[in-house]
Amino acid sequence: MKKYLFFTIIFFCASHFSKANLPFSATNSILVIKNNDTLYNAWAGGLNYPLFSSIDLNGDNLKDIFVFDRSNNRISTYINTGQAGLKAFRYDAKYVSKFPNMRGWAYCYDYNCDGKEDLFALSSQCACGIMVYRNDFSVPTGLQFTLVEPLVRETFFGIPSNPYSNAFQPPGIADMDNDGDLDLVTFPNLQNGRLEYHKNLSIELFGHCDSLKYEYVTGCWGNFGLAIGSTNRVACFNCPCFLFTEPNPTVRANELTEDVLQYDPSDAAKQDDSIANIKLIDMDGDSDIDALIGDIGANNSLYVRNGGNNQTAEMDIQDTLWPVN
């Protein structure tokens, strides 16, 4: 009788709690210790294919970290603690929900010069372009974003178009000509080993940098050609543009040399595995933009130096083992 009563009580309790809504809440306060060392961001989760950006998440005038993992579209946020060393950034998931749904890639750049990093991401309207969210942080509301361009547009030799981008090839974003607004360098739709330059005309048209008005300039930015893929190297410097990339190719036709003629852009396209990334940055401090190019088939980044200036890029030196050299 006692055994029967005992099992009846156990069954009743199990049945009761199985129907109850047990309260659960996430916490990052549980310490994780390995070899007597406390892991500071143990609950942040792993990163597979991350893109990093700086952004002030909480309005304390310190640059925090926004991470977008391209492998699963996961967002991670880290708060700048103001400390040095390993505790400089603390994982804090409460800011993740402040960001819109994005896929493919996402970066933070301040396009309107208000001191708050905005969002550039793969367009949800067309997986072949770029969308932009404005950062409307305020003290009462905190971090929030407003969609200002669902698909960034441009003029392509007078024809309405859009700068091309896809989930595997994010654009390079930088002030290429040092006029104050953000320009774009992108991989082309039809892979030919070249990079396309799209100039922002905000300063020229309106006198300020808070607009996104682009014009296609050239399909041969830097006057060089990539042999992307397993090699991730420059195939040629000072190689001419052809009919489909340059509005007036006859001007450059007489620049052909025997070495240049040996470069076939279709060969680069065959090697191209179409998963690449470009970072535009002045690496050598000469006030023009150089390029760091990453490729899924390479173990190192490719550094390509701009030997020209901020008005006319002329790439002239490559380092295929960066940052080893």
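This report concerns the structure included in the present document. (Residues numbered from 1 in each chain as written. Predicted model: local features only at pLDDT ≥ 70, side-chain atom pairs only at ≥ 80, totals over all residues. Heavy atoms only, no water.)

### Overview of the sheet that holds strand 8 (residues 118-122)
Taken together, the four strands give an open sheet; going across it, the order is 7-8-9-10, and neighbouring strands pair in antiparallel fashion. Only two strands of the sheet have a single neighbouring strand rather than two, namely strand 7 (106-109) and strand 10 (145-149). Taken pair by pair, the neighbouring strands of this sheet meet at an average axis angle of 30°, ignoring direction. As defined by bridge partners, strand 9 (residues 130-135) adjoins strand 10 across four bridges and the pair is classed as antiparallel. Within the sheet, the bridge partner assigned to Asn135 lies in strand 10 and is Phe145. (Pairing = 2+ DSSP bridges. Helix = DSSP H or I, 4+ residues; strand = E, 2+ residues; numbered from the N terminus. Axes fitted to C-alpha atoms, helices over the stretch in contact; angles between N-to-C directions.)

### Notes on the packing of aromatic side chains
Aromatic ring pairs are defined here through the distance separating the ring centres and the angle between the ring planes. Enumeration over the complete set of coordinates arrives at 10 aromatic pairs. Ring centres of Tyr109 and Phe120 lie 6.3 Å apart, and the angle between their planes is 90°; this geometry places the pair in the edge-to-face category. One end of the pair, Tyr109, is in strand 7; the other, Phe120, is in strand 8, with 11 residues separating them in the sequence. You can call Tyr109 buried: its relative accessible area is 17%. (Phe/Tyr/Trp six-rings, centres within 6.5 Å; stacked < 30°, edge-to-face > 60°. Buried < 20%, exposed > 50% of the residue type's maximum accessible area, 1.4 Å probe, protein only.)

### Let's talk about the state of the cysteines
Taken as a whole, this structure holds three disulfides when the rule is applied. Two residues share a disulfide in this structure: Cys113 and Cys209, whose sulfurs sit 1.9 Å from each other. Within this pair, whereas Cys113 is found in the loop between strand 7 and strand 8, its partner Cys209 is found in the loop between helix 2 (202-206) and strand 16 (214-218), the two being separated by 96 residues in sequence. Here Cys236 connects covalently by a disulfide to Cys239, the sulfurs 2.1 Å from one another. Given an S-S torsion of about 85°, the disulfide between Cys236 and Cys239 has right-handed geometry. Residue classification places Cys236 among the buried positions, given a relative accessible area of 9%. (Disulfide = S-S within 2.5 Å.)

### A closer look at the side chain of Lys199
With respect to the helices and strands, Lys199 occurs in strand 15 (residues 196-200). At 3.5 Å, the side chain of Lys199 and the side chain of Asp179 are in polar contact. Setting aside residues no more than four positions away along its own chain, Lys199 makes contact with Asp177, Asp179, Asp183, Glu204, Lys213, Tyr214, Glu215 and Val217. (Polar contact = N/O pair within 3.5 Å; in protein donor to acceptor, adjacent residues only side chain to side chain. Contact = heavy atoms within 4.5 Å.)

### Section: the pattern of salt bridges
Applying the stated criterion to the full structure yields seven salt bridges. Lys199 is the salt-bridge partner of Glu204, the closest N and O atoms lying 2.8 Å from each other. When its relative accessible area of 42% is taken as the criterion, Glu204 is described as partly exposed. Residue Asp316 pairs with Arg305 through a salt bridge whose shortest N-O separation is 2.7 Å. Residue Asp316 is found in strand 22 (residues 315-322), and its partner Arg305 is found in strand 21 (residues 301-306); the two are separated by 11 residues along the sequence. Exposure remark for Asp316: the relative accessible area of 31% places this residue in the partly exposed category. On the basis of relative accessible area, Arg305 is assigned to the partly exposed category, the value being 27%. (Salt bridge = Lys/Arg side-chain N within 4 Å of Asp/Glu carboxyl O.)

### Comments concerning unusual backbone geometry
Here Trp322 and Pro323 are connected by a cis peptide whose omega angle stands at 10°. Among the structural elements, Pro323 can be located in the segment after strand 22. Despite not being glycine, Asn36 shows a phi value in the positive range, around 65°. Checked against the element boundaries, Asn36 lands in the loop between strand 1 (33-34) and strand 2 (37-38). Given the relative accessible area of 80%, Asn36 is considered exposed.

### Looking at the environment of Ala167
Here Ala167 is to be found in the loop between strand 12 (159-161) and strand 13 (172-174). The exposure class of Ala167 is partly exposed, given its relative accessible area of 26%. Residues Ala167 and Ile275 lie 108 residues apart in sequence; the distance between their C-alpha atoms is 8.6 Å. Ala167 has contacts with Arg70, Gly104, Trp105 and Leu122, leaving out every residue within four places of it along the chain.

### Description of the environment of Thr146
Considering the arrangement of structural elements, one finds Thr146 in strand 10. Taking C-alpha positions, Thr146 is 6.9 Å from Asp136, a pair spaced 10 residues apart along the chain. Apart from residues no more than four positions distant in its own chain, Thr146 is found in contact with Val132, Tyr133, Arg134 and Asp136.

### Focus on the sheet that holds strand 15
With mixed pairing, the six strands of this open sheet are ordered in space as 12-11-16-15-14-13. Of all the strands in the sheet, the pair left with one neighbour each is strand 12 and strand 13. Between one strand and the next, the sheet's axes are offset by a mean angle of 30°, whatever the strand orientation. Inspection of the sheet shows strand 11 (residues 154-156) paired to strand 16 by two bridges, in the parallel sense.

### Brief notes about the pairing of strand 15
The buried fraction of strand 15 amounts to five of the five residues, a majority that puts the element mostly inside the structure. Covered by surrounding structure in strand 15 are Glu196, His198 and Asn200 together with Tyr197 and Lys199, the residues of both alternating faces. Where strand 14 (residues 183-186) and strand 15 come together, three bridges link them in antiparallel fashion. Bridging from a neighbouring strand, Val185 pairs with Tyr197 of strand 15. Bridge count for strand 15 against strand 16 is four bridges, and the pairing is antiparallel.

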